[in-house]
Amino acid sequence: MRQFLFLLCLFAVYQVDINAKGVRSEYLLEKGWKFTREDSPAFAGKDFDDSKWQSVVVPHDWAIYGPFSSQNDRQNVAIAQDGQKQALQHDGRTGGLPFTGVGWYRLHFKTPQDINNKRITLLFDGAMSNAQVSVNGKEVGRWAYGYNSFFFDITKYIDSQGDNTLAVRLENFPESARWYPGAGLYRNVHLIVSSDLHIPLWGTQITTPVVRQQNAKVVIKTKLEIPQQYLSDTQGKIELKAYITDPQGLDMGNIVSVINPEMFDSDGYYEQTAWIDEPNLWRPETPALYTCVSRIYYNDELKDEYTTRFGIRSIEIRPDDGFYLNGVKTWFKGVCNHHDLGPLGAAVNDAAIRRQLRILKDMGCNAIRTSHNMPAPELVRACDEMGLMVMAESFDEWKTPKCRNGYNLYFDEWVEKDLVNLVRQFRNNPSVVMWSIGNEVPDQTAKGGVQMARMMQDICHREDPTRPVTVGMDRGSAVINNNFAATLDVVGFNYRLHVFDEAYAKLPQQILLGSETASTVSSRGVYKFPVERRAMAKYDDHQCSGYDLEHCDWSNLPEDDFIQHEDRPYCIGEFVWTGFDYLGEPTPYYSDWPNHSSMFGIIDLAGIPKDRFYLYRSHWNRNEETLHILPHWNWHGREGQTTPVFVYTNFPSAELFINGVSQGKRTKDLTVSLSDTITARQSRYRLMWMDTKYEPGTVKVIAYNSDGKAVMQKEIHTAGKPHRIELEADRITLAADGRDLSFIRVRVVDAKGNLCLNDTRRISFKVKGAGVYRAAANGDATNLELFHLPQMSLFAGELTAIVQSSETPGTITFEASAKGVKSASLKLKTQ
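Everything numeric here is computed off the predicted structure, so don't read it as measured data.

## Focus: the overall build of the protein
Logical step 1: When helices and strands are tallied, the protein shows 10 helices and 49 strands.
Logical step 2: Along the three orthogonal principal directions, the C-alpha set of the protein runs to about 95 × 65 × 55 Å.
Logical step 3: Counting only residues that meet the buried cut, the protein has 63% of its 831 residues in that class.
Logical step 4: For the protein, the proportion of contacts with a sequence separation of at least 24, taken over those separated by at least 6, is 71%.
Logical step 5: Within the structure as shown, the protein displays about 31,400 Å² of accessible surface, and the carbon and sulfur contribution to it stands at 48%.

Here it is as structure tokens:
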């Protein structure tokens, strides 16, 4: 049954409901948890004495507190996707942190008031992993996959008169991951109380099948859970009312529907339709969000209220053309990101996620691939609000193992349940534009792999017919010729640029996505000589060169992808590996401890941009001027030696000066194409002076526009003696909610304010007032200092310290000190 409403203006009839609040309550279960790493079946009991267990706040990652060790999840394996033929000892593959083993969480909570004729749902946004959930000593359910959200109806397990005990057992197996997965209740836990007549969790589906400048069609499908007593009441009346508000919060009107069982479609949904004039479209530049509040009435009594945010936007893949958002051809300028938040570990935090997205947007990034797993709700919500498109990925493994104890253990039993939860949870989020059902799965070329791909794509289409499906493929010509790639809505290749033309010629889709690109490796502030393109280069200090010319055996440099996607009209964009460094996968230092994190990131583990950030910014962010010089100019002992200078800019030309002496003018060579040698491709996007000699002093660059006019200049200087600490906070006003964070960049500079790149002294921190010290990181993959201790050594002269607000409004004072330099402090406000 369908019902239509034309929302033509703000004067449409709007029915106001009295006492609308309170029919559905949601409680965030974050405080009061007890935790242990011991294991016993007795821990599930309602009356077990957990008073001596550790008190923790959820989200909680038990492993991020360390200590680091090469023995933690040491793996002796051959990584096939990296081209390894024989097993190697991999130290630090999963971050060198103690995430394996068992952990228990217990929480005592009071029964919510007045639960007669109520349903109580327990929602986990994610629990790592193999969750076994008990309430009052009775098991209510299990969920294997640590990255997915899941829920249980616990109504019948609740003590309606008094106290309740929630117990959660989690277990992470060794060799279950290729990177750091985190451990514990690392995402939020919710208790939801609703009427017995209600809309179930994720029970709405809002689509916008018609999107035009003058109007848009909004289709609202709602699932209702109606107990038999309501259906048996022949005199009873059930109404479903949908209220829509625009992005400014103005009422747009409502749709009123009288419900009976015959009105639902075959999937159990009731459909309502509205037309909105002159809609505000969701797009990265203006991420407009509407709200639909669905209310259920029984004999005019409000029984339930369910709120869904949505965006009005269209997406379309046009064969042999491209990807269109709202009818506008759009290229993905995306990054792949793991779920960990650096020194915070896997424990989700909204402020940390939004900081990452702000940095990426400044670079010109417009999309995130949630590699290689289901995202946190906070990430998708932030992308909705901040305007980044999302490829929501699901699995790194199907039936054929990559890791001995990976998802292959669960695939047959859990794959449909996991995909259904992923799609239903995020199908109303406008930022999500594509589903990815796998990454580099060996089943691409295994027997039955094509059928698995079709089955999983069919599930996505059944649950959400509006979005395309892809897989990050890495088997090159094999998947082009065995029908695997042809099965998918979008052909996504991880690297493998050499097969793009073959894929375009042979596959029916006639479009290609760089689902994973580059895998360039670098360390912030570290530069190696001679300056040359190298694959899998290794050094005694376990670092990689910041000249951005090093990559892996299977991968490439940024310019290789830039040229591919600019010069091949069938390419729809890329997702670079990776936006941020992450814990684990310290390629190329597989067996070289200490190394606890990746070097793929455009931004390091501390959230400080590497040089490569400015290369991408110069190419992707055309609305802002970029002029960046590398390397630093502090090379005591290299006087007179060749020290090349690179400039990343979105201007076509620049002139370089060293101590006032011109080193010549360089202009980007736009004639360079894919047919040129790989060593020549950098000259299309970088300005390079390969023969400059180091001498202490000043390096200056003057940039010129296409008319030859000098429009911007920048200088870097040889630093003097370290003099003082300098502090800069990303945000100085925080919410007094006990969760908000300020990220403080800590630097040591000379008397003139020049960064002392070679300074590695240890900085100590103190926090006073309405907040606490949370963690610090310096971006050095070889540094084994614990993140949570109030001290950290500088790396390339910098680090990031994190302060967390309390629940009391007031002032936070942050102090940083070290031997031999002047200390510094700053104040933050919480409100």
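## Some points on the nonpolar core
Logical step 1: The biggest cluster of nonpolar side chains holds 219 residues, and the ones touching the most others in it are Trp398 and Phe765.
Logical step 2: Here this core gets 8 residues from one element, more than from any other, and that element is helix 4 (residues 411–426).
Logical step 3: The contact partners of Phe765, leaving out residues within four places of it in the chain, are Val746, Tyr773, Ala776, Pro790, Gln791, Met792, Leu799, Ala801, Phe814, Glu815 and Ala816.
Logical step 4: Ranked by size, the runner-up nonpolar core spans 18 residues in total, among them Leu197, Trp202, Tyr230 and Ile238.

## With respect to the pattern of salt bridges
Logical step 1: By the definition in use, this model includes 55 salt bridges.
Logical step 2: We note a salt bridge from Glu798 to Arg524, for which the minimum N-O separation is 3.5 Å. Of the two residues, Glu798 is situated in strand 47 (residues 798–805) and Arg524 in the loop between strand 30 (512–518) and strand 31 (534–535); the sequence distance between them amounts to 274 residues. You'll find Glu798 and Arg524 in the same group, each marked buried.
Logical step 3: Through salt bridges with shared partners, one network takes in Arg524, Asp604, Arg724, Glu726, Arg745, Arg747 and Glu798.

## Overview of the sheet that holds strand 41 (residues 724–729)
Logical step 1: Taken in spatial order, the 4 strands line up as 41-43-47-45 in an open sheet, and their pairing is antiparallel. The open sheet has two edge strands with one neighbour each: strand 41 and strand 45 (771–777). Here the average twist between neighbouring strands, direction ignored, is 30°.

## Structural notes on the confidence of the model for the protein
Parts of the prediction with low pLDDT should not have their coordinates interpreted in detail.
Logical step 1: On average, residues of the protein score 95 in pLDDT, and 97% of them are at 70 or above.
Logical step 2: Within the model, the stretch residues 1–21 combines pLDDT values under 50 with 51 contacts to residues more than four positions away or in other chains.

## Digging into the pairing of strand 8 (residues 118–124)
Put simply, side chains in a regular strand alternate between the two faces of the sheet.
Logical step 1: Burial runs high along strand 8: 5 of the 7 residues are buried.
Logical step 2: Across 4 bridges, the pairing between strand 8 and strand 11 (residues 150–153) is antiparallel. Paired with Leu122 across the bridge in strand 11 is Phe152.

## Details of the sheet that holds strand 35 (residues 645–649)
Logical step 1: Within the open sheet, the 3 strands sit side by side as 34-35-38. Their pairing is antiparallel. Each of the sheet's edge strands pairs with one partner strand only, and the pair in question is strand 34 (627–630) and strand 38 (687–689). With direction set aside, neighbouring strand axes in the sheet form an average angle of 15°.
Logical step 2: Sheet analysis places strand 34 next to strand 35, joined by 4 bridges and oriented antiparallel. Note on strand 35: the bridge partner recorded for Leu630 is Phe646.

## So, the pairing of strand 7 (residues 101–110)
Logical step 1: By the criterion of burial, strand 7 is predominantly enclosed, with 7 of the 10 residues buried.
Logical step 2: Relative to strand 7, strand 3 (residues 33–36) is paired through 3 bridges, and the arrangement is antiparallel. Note that in strand 7 the partner of Lys34 across the bridge is Arg106.
Logical step 3: Of the strand pairs in this sheet, strand 7 and strand 12 (residues 163–172) are connected by 10 bridges, and their pairing is antiparallel. Note on strand 12: the bridge partner recorded for Tyr105 is Val168.

## Topic: the packing of helix 9 (residues 558–567) against helix 10 (residues 611–620)
Logical step 1: Packing of helix 9 against helix 10 brings their axes to within 11 Å, and their N-to-C directions diverge by 15°. Taken together, the axis directions place helix 9 and helix 10 in an arrangement best described as roughly parallel. Classified by chirality, the crossing of helix 10 by helix 9 is right-handed. Across the interface between the two elements, Pro558, Glu559, Phe562 and Glu566 of helix 9 pack against Arg612, Leu615, Tyr616, His619 and Trp620 of helix 10.
Logical step 2: Looking at the contact of helix 9 with helix 10, its residues break down into 5 nonpolar, 1 polar and 3 charged.

## A look at unusual backbone geometry
Logical step 1: For the bond from Met128 to Ser129, the omega torsion is -10°, close enough to zero to count as cis.
Logical step 2: In this structure, His372 follows Ser371 across a cis peptide bond, with omega equal to -10°.
Logical step 3: For His372, the location among the structural elements is in the loop between strand 25 (367–369) and helix 3 (377–386).
Logical step 4: The backbone phi angle of Met536 is positive, close to 55°, even though this residue is not glycine.
Logical step 5: Within the element layout of this structure, Met536 appears in the loop between strand 31 and strand 32 (550–551).

What counts, and at which threshold
Residues numbered from 1 in each chain as written. Predicted model: local features only at pLDDT ≥ 70, side-chain atom pairs only at ≥ 80, totals over all residues. Heavy atoms only, no water. Helix = DSSP H or I, 4+ residues; strand = E, 2+ residues; numbered from the N terminus. Buried < 20%, exposed > 50% of the residue type's maximum accessible area, 1.4 Å probe, protein only. Contact = heavy atoms within 4.5 Å. Areas by Shrake-Rupley, 256 points an atom, 1.4 Å probe, with all protein chains shown as cover. Core = buried A, V, L, I, M, F, W, Y, C linked by side-chain atoms within 4.5 Å. Salt bridge = Lys/Arg side-chain N within 4 Å of Asp/Glu carboxyl O. Pairing = 2+ DSSP bridges. Axes fitted to C-alpha atoms, helices over the stretch in contact; angles between N-to-C directions. pLDDT = per-residue confidence, 0-100. Parallel < 35°, antiparallel > 145°, perpendicular 65-115°, else oblique. Left-handed = near helix turned anticlockwise from the far one by under 90°. Nonpolar A, V, L, I, M, F, W, Y, C, P; charged D, E, K, R; others polar.

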